[in-house]
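Observations on the model geometry
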Amino acid sequence: MLRHLIQPLDFTTEEFEQLFRLADQILENPSAYSDVCKGKLMASLFFEPSTRTRLSFESAMYRLGGQVVGFADAKVSSTAKGESLSDTLRTVENYCDIAAMRHPKEGAALLASKYMTTMPIINAGDGGHQHPTQTLTDLTTIRHYKGHFDHLTIGVCGDLKFGRTIHSLVRAMNRYDGVKFVFISPDELKMPQVFLDELDPQDYTETSNLKEAIKDLDILYMSRVQRERFVSEEEYLRLKDFFILDKEKMALARKDMLVLHPLPRVNEIHPEVDADPRAVYFQQARFGMYIRMALIMFLLGLGGQND
Amino acid sequence: MLRHLIQPLDFTTEEFEQLFRLADQILENPSAYSDVCKGKLMASLFFEPSTRTRLSFESAMYRLGGQVVGFADAKVSSTAKGESLSDTLRTVENYCDIAAMRHPKEGAALLASKYMTTMPIINAGDGGHQHPTQTLTDLTTIRHYKGHFDHLTIGVCGDLKFGRTIHSLVRAMNRYDGVKFVFISPDELKMPQVFLDELDPQDYTETSNLKEAIKDLDILYMSRVQRERFVSEEEYLRLKDFFILDKEKMALARKDMLVLHPLPRVNEIHPEVDADPRAVYFQQARFGMYIRMALIMFLLGLGGQND
Amino acid sequence: MLRHLIQPLDFTTEEFEQLFRLADQILENPSAYSDVCKGKLMASLFFEPSTRTRLSFESAMYRLGGQVVGFADAKVSSTAKGESLSDTLRTVENYCDIAAMRHPKEGAALLASKYMTTMPIINAGDGGHQHPTQTLTDLTTIRHYKGHFDHLTIGVCGDLKFGRTIHSLVRAMNRYDGVKFVFISPDELKMPQVFLDELDPQDYTETSNLKEAIKDLDILYMSRVQRERFVSEEEYLRLKDFFILDKEKMALARKDMLVLHPLPRVNEIHPEVDADPRAVYFQQARFGMYIRMALIMFLLGLGGQND
């Protein structure tokens, strides 16, 4: 049966575990996987630019010995001529074996997937909605350093109101046992009630004090406060620097606390933190490539299903 | 001798037949051809965007084991610095083995080809003029389903005045025996006299009634009515929906009539027709990739010449 | 130790010689090198467009059997989201083995290189500052045709005030014995004093008479006069055609004088000169690809170091 990855929880925790194990195997012995996608072609369809995500997907495909065609920008696509998204995707299906697709409209990847008969689609971000491979990247990083997900205390800090990567991460982590969440944000950017309602009230706390909250965390997930989310420039400037992670706050944290960030960062993490061994946000990008390699193999039926 | 493909009829019907046979062989056994262009480099030079055509060429080259460099958009090319087209191409000839080139100016591909000493150029569309690989794609699709070209009755519908793919298709089909044409269009978009003059008057009829004409066709070739061809928005809106193919009209057609369309479509074919097995416009894209694989091999001297 | 190529003279003349020899070997037997970079990934990071340079780097990597990811234009990069250049490069380092980087800001490549731990960076041009692989290309071309650098008389003509490729070429050639320079330009575009100060006064002359100067040259290096360098359009128009190379002037030159040009040219070399066997500016592009192949191998530790 043709599988896609549209939403972070489209896959069960067992399937996630298969992907993590496959990513581990690739990481340990990359050359054993350097030809598994020989002769396979990935469509890299970025209807809006996202260099980081695009390079990660394309690098993943190349590292597996596959090839890539596509576009990095909507202006260069045929939808400019008035073509429907489903027609574009049905055409691409004739050329390619798998597609990674980014689109500014919510639900675009889901819609496109309904027309496919042979080509798996990976949602590489649709509007402010879903970005499942970022969630996989975050989980892979946590699992690599911590070895497990159960009973971890994870602080998420920044724009909790609009941050889609945070919403997905919380939902995914909540599938594991005994995970505790600490939501750290200014009042204006608190976690929406709809997400809180999915959690056991005993499993989370809310605070606006990063300095205080940092002490008890296994993981601190920092996020960017995007200018375009704010009604005024003043609001943005007032809030963006509110929760900056620096050396001083890091000194209060546990010795084995991890700092993650989906990147790009602007100034919510001071560069002086980069050298701290607990700061793993650049390594995170590396795990992002490996888990995408595993995902591509999985969706192409090339391993990871039941081995 | 260095060969190019600039105009649809640059190749004889015998050479076309060699290409069709090679495309058949590739389609039957793609893995036998997955390395024939190993070490070869194609320049994909799109001085104006055309995602569909570009992806088809690049997929073709990758499916043969070759590589691709290039650009998808004029703004990213050096001609912005005032360089002549021939200088750009002579530079690229130092890097690449073959080029697919799209350019907004009529005659650009022909001009460029005159400067080449080692690199075959494939015209991937020059202005409103020529688009020979679309013609090859159309013919490959017809030949695949019908097995031959002789004695077919082909209806072409839409913008017959400006539609370059239609003009080329008619000229190419007219090289075969006993082919009849039915030109279906509003009065304002009729087939230009210069093309009619090339045909035997007994071999074509003109009509503005798609519903009536559809009954006798072996092939119905639909085409897009482009907004930019009209003097006013009202003219466009009045004419564009004039000849929409829907389920009702399909019910009047023969059981083995094929529907082709160069894509992208806007609304000249209703989506309810997509599921009809006679609608082969998405499969057409697939044949487009295979015939381009054959063409690349042919021009690189890698088969299809006399085998 | 991790090496980069940021400035033309980062490498010793001995290292240059290793590169030239490796380029020679590749040129003689390209197929022996067609897989040496299999499994390697190059980042092609063009923060400003430069098709010629980009295609040369990417072709070089493909000719070695490697792969390429990247972008051709700043607008498509994440720095648009406010990310620092060092963060972008540190992310890319997780995906790629080597990077070729073009940036509009002087010093960008040097800055980025300081953050790297595993990925060599090749400066593919930073602002009006440095463009070391153009210098390598020029030297490779000279060495190919002349067999040596010592005791050559080289005329450089055009915009000597702002032409970074000329400044680098002069510095690089001045490392060899007995090289004489003839600086040919209008008064407004003379070689800056800071570069003249580096030369022995006996080793150069300045003139505004190309016709006179051409007679004694072993090499004539022509360069483009860029519109954007001038305060007014009138200044530009008055000066740009001042020193056009044509058949008449070529008739005065030695039979073995070489004409080089970094390309793109606008009109400073008349097309009638192209057919002259002494005009090697298109071949120059070819040497540019081969020396980049050698450079990539060198920086990846794949040969050229001490063999």
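Structural data are supplied above this passage.
Computed from a prediction, not measured in an experiment: that's the story for all the values here. (Residues numbered from 1 in each chain as written. Chains lettered and ligands numbered in written order. Predicted model: local features only at pLDDT ≥ 70, side-chain atom pairs only at ≥ 80, totals over all residues. Heavy atoms only, no water.)

Observations concerning the interface of chain B and chain A
For the record, the criterion: Between two residues, a contact is recorded if the distance between any of their heavy atoms is within 4.5 Å. In this description, buried area is defined as the sum, over both parts, of the accessible area (probe of 1.4 Å) that is lost when the two are combined. One side-chain nitrogen of Lys or Arg within 4 Å of one carboxyl oxygen of Asp or Glu is enough to make a salt bridge. Within 3.5 Å is the distance limit for a polar contact, defined as a pair of N or O atoms, with the added protein rule that one can donate a hydrogen and the other accept it, and that residues adjacent in sequence qualify only through two side-chain atoms. Every helix listed is a DSSP run of H or I at least four residues long, and every strand listed is a run of E at least two residues long, numbered separately from the N terminus.
Counting from both sides, the interface comprises 28 residues of chain B and, opposite them, 22 residues of chain A. For the pairing of chain B and chain A, the buried interface totals around 2,200 Å² over both sides, and the portion due to carbon and sulfur atoms is 48%. Of the charged contacts, one joins A:Lys38 and B:Asp35 as a salt bridge, the two residues approaching to 3.2 Å between their closest N and O atoms. Applying the counting rule to chain B against chain A returns 11 residue pairs in polar contact (both at pLDDT 80 or more). Breaking the side of chain B that touches chain A down by element, the ones donating at least two residues are α2 (51-63) and α11 (281-299) of chain B. Ranked by residues supplied to the side of chain B that touches chain A, first place goes to α2(B) with nine residues.

Side note on the relation of the copies chain B and chain A
Under the convention used in this document: Alignment of the copies relies on least squares applied to C-alpha atoms, considering only residues that score at least 70 for pLDDT in both.
Laying chain B over chain A is done by rotating through 120 degrees and shifting 0.0 Å along the axis; what remains is an RMSD of 0.0 Å. A rotation of that kind, with that shift, is consistent with a three-fold axis. Across chain B, the rotation axis passes nearest the C-alpha of B:Gln67, at a separation of 5.2 Å. In this assembly the copies use different faces: only 4% of the residues contributing to the interface of chain B also contribute to that of chain A.

Observations concerning the interface of chain C and chain A
Which entries qualify depends on this criterion: Just so you know the grouping, Ala, Val, Leu, Ile, Met, Phe, Trp, Tyr, Cys and Pro go in nonpolar, Asp, Glu, Lys and Arg go in charged, and all remaining residues, Gly too, go in polar.
Each partner contributes residues to the interface: chain C has 22 residues there, and chain A has 27 residues. Where chain C meets chain A, there are five salt bridges. Contributing elements (two or more residues each) for the side of chain C that touches chain A: β2 (67-71) and α3 (85-92) of chain C. The greatest single-element share of the side of chain C that touches chain A, amounting to five residues, is contributed by β2(C). For the side of chain C that touches chain A, the class distribution of residues is eight nonpolar, eight polar and six charged.

Observations regarding the relation of the copies chain C and chain A
At an RMSD of 0.0 Å, chain C and chain A line up after a rotation of 120 degrees and a shift of 0.0 Å along the axis. The overlap is low: 5% of the interface residues of chain C also sit at the interface in chain A, so different surfaces are used on the two sides.

As for the packing of aromatic side chains
The condition that has to hold: Stacked, edge-to-face and tilted labels apply to pairs of Phe, Tyr and Trp rings (six-membered ring for Trp) whose centres lie within 6.5 Å, assigned for plane angles under 30 degrees, over 60, and everything in between, in that order. Each residue is assigned to one of three classes by its accessible area relative to the maximum for its type, calculated with a 1.4 Å probe on protein chains only: buried under 20%, partly exposed between the two thresholds, exposed over 50%. In this scheme, Lys NZ or Arg CZ marks a charge over a ring once it lies within 6 Å of the ring centre and within 35 degrees of the ring normal.
Going through the model one piece at a time under the given rule, you end up with 27 aromatic pairs over all chains. An angle of 85 degrees between the planes, with centres 5.8 Å apart, marks the rings of A:Tyr145 and A:Phe287 as edge-to-face. On the criterion of sequence distance, the pair formed by A:Tyr145 in helix α5 (residues 132-146) and A:Phe287 in helix α11 (residues 281-299) is long-range, its members being 142 residues apart. On the basis of relative accessibility, which here comes to 34%, the residue A:Tyr145 falls in the partly exposed class. Given a relative accessible area of 6%, A:Phe287 falls into the buried group. Members of the aromatic cluster, connected to one another through ring pairs, are A:Phe16, A:Phe20, A:Phe149 and A:Tyr176. Taking the ring centre of B:Phe57 as reference, the NZ or CZ of B:Arg292 above it sits at 4.8 Å. Across the ring face of C:Phe16, the terminal group of C:Arg175 is positioned such that the distance to the ring centre comes to 5.0 Å.

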